[in-house]
Amino acid sequence: MAEARIDNPWGERTPYGPGTVWPARTDTHLAAGLTEADVERWVPSASVLHSNGDAMDIAVRQGRIVGVRGRAADRVNRGRLGPKDLYGWQANHSPDRLTRPLVRDGGRLVECDWDTAMNRIVNRSRELLDERGPGSIGFYTTGQLFLEEYYTLAVLARAGIGTNHLDGNTRLCTATASEALKETFGCDGQPGSYEDVDHADTIALFGHNMAETQTVLWARVLDRLAGDDPPALLCVDPRHTRVAQRADVHLAPRAGTNVALLNALLHEIIRTGRTDRDYVDAHTVGFDELAAAVEPCTPRWAAGICDVPAAEIERAADLLGGARRLLSTVLQGVYQSHQATAAAVQVNNLHLIRGMLGRPGCGLLQMNGQPSAQNTRECGANGDLPGFRNWQNDAHVAELAEVWNVEPETIPHYGPPTHAMQMFRYAEQGSLGMLWISGTNPAVSLPELHRIRSILTQERLFVVVQDLFRTETAQLADVVLPAATWGEKTGTLTNTDRTVHLSEKAVEPPGEARPDLDIFLDYAARMDFRDKDGGPLIGWHDPESAFRAWQRCSAGRPCDYTGLSYDRLRDAGGIQWPCTEDAPGGTARLYTDGIDHAHPDVCESYGKDLVTGASVEVVEYRSLNAGGKAVLKAAEYVPLHEDTTPDHPLQMITGRTVYHFHTRTKTGRAPELNAAAPDVWAEMSPAEAARQGLADGDLVRIGTPRGSVRARLRLTAIRDGMVFLPFHYGYWDTPEGHGPPEHGGGRAANEGTVTDWDPVSKQPLFKTCAARVTLLARRADPGEDARGTREGGTA
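Structure report, in brief. For clarity, every value in this text was computed on a predicted model and none was experimentally measured.

1. Focus: the overall build of the chain
- Each helix and strand counted, the chain has 26 helices and 27 strands in total.
- A principal-axis box enclosing the C-alpha atoms of the chain has dimensions of 70 × 65 × 60 Å.
- Within the span of the chain, comprising 795 residues, buried residues form 67% of the whole.
- Accessible surface, the chain: about 25,100 Å² in total, of which carbon and sulfur atoms supply 48%.
- When the 81 positive and 105 negative side-chain charges of the chain are each reduced to one mean point, those points stand 3 Å apart.

2. Observations concerning the pattern of salt bridges
- Following the criterion strictly, the structure yields 55 salt bridges and no others.
- Between D223 and R80 there is a salt bridge; the shortest N-O distance is 3.6 Å. Here R80 lies in the loop between β4 (64-70) and α2 (83-88) and D223 lies in helix α7 (residues 215-226), a separation of 143 residues in the sequence. Assigned by exposure class, D223 and R80 land together as buried.
- Taking the shortest distance from any N to any O, the salt bridge between R526 and D115 comes out at 2.7 Å. Of this pair, R526 sits in helix α21 (residues 516-527) while D115 sits in helix α3 (residues 114-132); the two residues are 411 residues apart in sequence, bridging distant segments of the chain.
- When its relative accessible area of 24% is taken as the criterion, R526 is described as partly exposed.
- D115 gets classed as partly exposed once you look at its relative accessible area, which sits at 43%.
- Among the charged side chains, a network of salt bridges with common partners joins E179, K182, D384, E604 and K608.

3. Considering the packing of helix α12 (residues 299-306) against helix α13 (residues 310-322)
- At a closest axis distance of 8 Å, the pairing of α12 and α13 adopts a crossing angle of 120°. Taken together, the axis directions place α12 and α13 in an arrangement best described as oblique. Considering the relative orientation of α12 and α13, their crossing is right-handed. For the pair formed by α12 and α13, the contact residues are P299, R300, A302 and A303 on the first element and A310, I313 and E314 on the second.
- A breakdown of the residues in the contact of α12 with α13 according to their chemical character gives 5 nonpolar, no polar and 2 charged.

4. Details of the packing of helix α4 (residues 147-161) against α21
- Between α4 and α21, whose axes approach to 9 Å, the crossing angle comes to 20°. The angle between α4 and α21 falls in the class roughly parallel. In this structure, α4 meets α21 at a crossing whose hand is left-handed. Of α21, the residues touching α4 (which contributes E148, E149, T152, L153, L156 and I161) are D516, L517, F520, L521, Y523 and M527.

5. Overview of the sheet that holds strand β19 (residues 499-503)
- Read across the open sheet, the 3 strands follow the order β18-β19-β20; overall the sheet is antiparallel. Either end of the sheet is taken by a strand with one partner, and the two such strands are β18 (491-494) and β20 (575-576).

6. Quick look at the nonpolar core
- The biggest cluster of nonpolar side chains holds 91 residues, and the ones touching the most others in it are F185, F206, W218 and L234.
- Ranked by size, the runner-up nonpolar core spans 67 residues in total, among them Y150, L166, A381 and W391.

7. What to know about helix α5 (residues 175-185)
- Counting buried positions over the 11 residues of α5 gives 11, a clear majority of the element.
- Among the residues making up α5, those that are buried are A175, T176, A177, S178, E179, A180, L181, K182, E183, T184 and F185.
- Lining the buried residues of α5 we find α14 (332-335), α15 (340-354), β14 (363-366), α16 (373-379) and β21 (630-631).
- Directly beyond the C-terminal end of α5, a positive phi value near 80° is found at G186.

8. Here we look at the side chain of T704
- Inspection of the secondary structure assignment puts T704 in the loop between β24 (699-703) and β25 (708-715).
- With sequence-adjacent residues up to four places away left out, T704 is seen in contact with H648, M652, G752, C769, A770 and A771.

9. Examining unusual backbone geometry
- Between W577 and P578 the backbone carries a cis peptide bond, its omega angle lying at 0°.
- Inspection of the secondary structure puts P578 in the loop between β20 and α24 (618-625).
- A positive phi is found at R664, a non-glycine position, where the angle reads about 65°.
- Tracing the backbone through its elements, the reader meets R664 in the loop between β22 (650-655) and α25 (671-676).

10. Points about the sheet that holds strand β16 (residues 462-467)
- Spatially, the 7 strands line up as an open sheet ordered β6-β5-β17-β16-β15-β7-β8, and their pairing is mixed. Unpaired on one side and paired on the other, β6 (108-111) and β8 (166-168) mark the two borders of the sheet. Ignoring strand direction, the axes of neighbouring strands in this sheet form an average angle of 20°.
- Inspection of the sheet shows strand β15 (residues 434-438) paired to β16 by 5 bridges, in the parallel sense. Considered in β16, the bridge of S438 is made with Q466.
- Strand contacts of helix α18 (residues 420-429): β7 (137-141), β8 and β15, with the helix running at about 140° to β7, the strand carrying the most contacts.
- Packed onto the sheet, α21 meets β7, β15, β16 and β17 (479-482) and runs at close to 155° relative to β15.

11. Observations regarding α13
- When the terminal C-alpha atoms of α13 are compared, their 18 Å separation across 13 residues agrees well with the 18 Å that a helix rising 1.5 Å per residue should span.
- Taken together, the buried positions of α13 are occupied by I313, A316, A317, L319, L320 and G321.

12. Overview of the environment of P371
- Checked against the element boundaries, P371 lands in the loop between β14 and α16.
- A relative accessible area of 2% places P371 in the buried class.
- Linking P371 and L49, residues 322 residues apart in sequence, is a C-alpha distance of 6.5 Å.
- Beyond its immediate chain neighbours, meaning those up to four positions away, P371 contacts S47, V48, L49, H50, S51, G143, Q144, L493, T494, N495 and F661.

13. Overview of the environment of Q336
- Looking at where Q336 falls in the secondary structure, it is placed in the loop between α14 and α15.
- In the structure, Q336 is positioned 192 residues away from D528 in sequence and 40 Å away in space, judged by C-alpha atoms.
- What Q336 contacts, discounting residues up to four positions off in sequence, is L172, Q763, P764, L765, F766 and K767.

14. A short note on the packing of aromatic side chains
- Counted under the stated rule, the structure contains 14 aromatic pairs.
- Centroid distance F547 to Y561: 6.1 Å. Interplanar angle 70°. Geometry classified as edge-to-face. Remark: Y561 occurs in the loop between α22 (543-554) and α23 (566-572) and F547 occurs in helix α22; sequence separation between them is 14 residues.
- Taking relative accessible area as the criterion, F547 reaches 1% and is therefore assigned buried.
- A ring pair is formed by W681 and Y729, whose centres lie 6.4 Å apart and whose planes are at 70°; its orientation type is edge-to-face. Separated by 48 residues along the polypeptide, W681 in strand β23 (residues 681-684) and Y729 in the loop between β26 (722-726) and β27 (769-777) bring together distant segments of the chain.
- Linked through ring pairs, Y151, W540, F547, W550, Y561 and Y566 together constitute an aromatic cluster.
- Over the aromatic face of W42 sits the side chain of R69, whose NZ or CZ is 3.8 Å from the ring centroid.
- A cation sits over an aromatic face here: K489 above F146, 5.0 Å from the ring centre.

Reading the values: rules and limits
Residues numbered from 1 in each chain as written. Predicted model: local features only at pLDDT ≥ 70, side-chain atom pairs only at ≥ 80, totals over all residues. Heavy atoms only, no water. Helix = DSSP H or I, 4+ residues; strand = E, 2+ residues; numbered from the N terminus. Buried < 20%, exposed > 50% of the residue type's maximum accessible area, 1.4 Å probe, protein only. Areas by Shrake-Rupley, 256 points an atom, 1.4 Å probe, with all protein chains shown as cover. Lys, Arg positive; Asp, Glu negative; His and termini not counted. Charge placed at Lys NZ, Arg CZ, Asp CG, Glu CD. Salt bridge = Lys/Arg side-chain N within 4 Å of Asp/Glu carboxyl O. Axes fitted to C-alpha atoms, helices over the stretch in contact; angles between N-to-C directions. Parallel < 35°, antiparallel > 145°, perpendicular 65-115°, else oblique. Left-handed = near helix turned anticlockwise from the far one by under 90°. Contact = heavy atoms within 4.5 Å. Nonpolar A, V, L, I, M, F, W, Y, C, P; charged D, E, K, R; others polar. Pairing = 2+ DSSP bridges. Core = buried A, V, L, I, M, F, W, Y, C linked by side-chain atoms within 4.5 Å. Expected span 1.5 Å × (residues − 1). Phe/Tyr/Trp six-rings, centres within 6.5 Å; stacked < 30°, edge-to-face > 60°. Lys NZ or Arg CZ within 6 Å of the ring centre and 35° of its normal.

Here it is, written out as structure tokens:
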């Protein structure tokens, strides 16, 4: 079983045709020697190692997790599980789990009790608040906690501390998804549904390697491709991925040229008259401006920028223009590249000008990369106001203040929320004196790692880390708090297509580890945060009461949860928000009858300038969009900030492998997953390698103006002039522990990535880096496995 699902991550095919129900297939993996008869309890949960939201049951025996089983009745996965689902649970049992708090004494981290650790945090918090005010404290969280934990963190940070410095590592992952939806629809929230795969006749994937990032969703696509009347497939990706191998049209542009390519596609669709003018006139503003902006953007023009044949761009436009039911997905190939938001908005424009929204098969998914990234955004743990409220709208701030029973001026809304990259800059400059990091590992995941390590080790910065293991970041902290994880606590997770699942506690956490919610509640109580009447600011005490508090906050907003409850989620499985008294079964698709959330009085954002990122003011937005329609927003192509040079002639991009999640904190401790991809590697095309005098299996250094990585070279079907590195690998399982060796290059791809971000979403540009590759040593043994990872089976 294990070997089969490592080699074939998508499992066996269950073909089905358009408009029919995706057949169920129950995937199960139990610890060696056990059968289902040995399982004492099955506890409902959902995936926490990718963003698909796969529903599963946790197998428990003698107080331990011993396996998982897909839930066949659930709408998301119909019983299927991917490799990270099947094997990742083993990390819970890792012998190096944190079981007691740690504090730094004499330069070393030593174990202590909870009172000692929390008192250090509280004392430092109070000192900073007294001496420098709330702007001296920042919080940086994850996309893997539960809704209840994010909401609690948002309340204590915003209304308790009063800081504007709150963000999640969703800033690195899907901040662009949120901003692109706001730019077009006035509000976050995915318009489409996974069920659109069942109905679409054309599926377009823009910078989305679905085969490796959402294996179960790709299995759904594969089953449609294997059935009657399969959909046509468009893939935009510089690598010849499993998706590209199955595509009818594959476009492999230069990194950083997505806007030029998309403008050419829009040009062709408009030129050939394949727009739905009735839909455009009824539901959008800005069509004439968009048409004028893309009029000169011919396929031939784009070919000169993107290095993609003009004829192939025309083929892609024909495919999109001829679709009757178009589903598009977008991910990191757009979000982490140059002009990220501008490019993602153009995908929205494609759907709007074709009238491809709100109907089965007509779906748009600005995808997420983490299991609860949607919760981060809707609860405000990414710095936005909870409930998709608009920080520029005084009525929204007053409404939130009423929910929290605080004065409106208590809630910082004097300017945009502070994004993560700016928080680290403030820490570097010294204005940020305390940074609380929960569930994320910036010492591996942020760009230009030598800079991040230098920031985290400053004497003047007090660093708190809340995590499961001594990550590279935890090893640099002043206080480390041991957290419980998935299966050891209860809470809700909301996936990309707005499906909410309840994940129940199955076993006790190890030692003194505590759920993140309990840690946040303990901090709020010790800080004695109060509302305007003198009562406790945070009145809830457990996950279910926190969920009810969130329901009140979400009421009447686009992400309305008021029709949900823990009992309903236990009975029904995954349910899509908005779920209300009027829509008790949830809502499959948004915008089924026009645009709902773009009115100036309702919208989450008035938008931003796509080039500068400057916020649009309410007067300007009302003038443009008084009726609250979708905005067709044009974007001019702007050349890369860091392009290739004679000294750095290649473009370096980073990405994922199917076997790992983020910085391998969990998946690197699952034996099957770690064995499948144990170490970093680099990919280059055979032609490019020949030009560089390199061969498959050579040990090379990939260097940029900021740093370098040592890796074995793997020759693959990637566009010439490019080198790819997986970003998962850090140092926790190396002799160095938390950073690279003093000489010779590191292991983490982000040693070399650039400190630069999209002006609108503030998402770092991990895919626009100039690099050179040099030989360190030839492959010694022709029989040696130089691939550095297992390859998945035939998709």
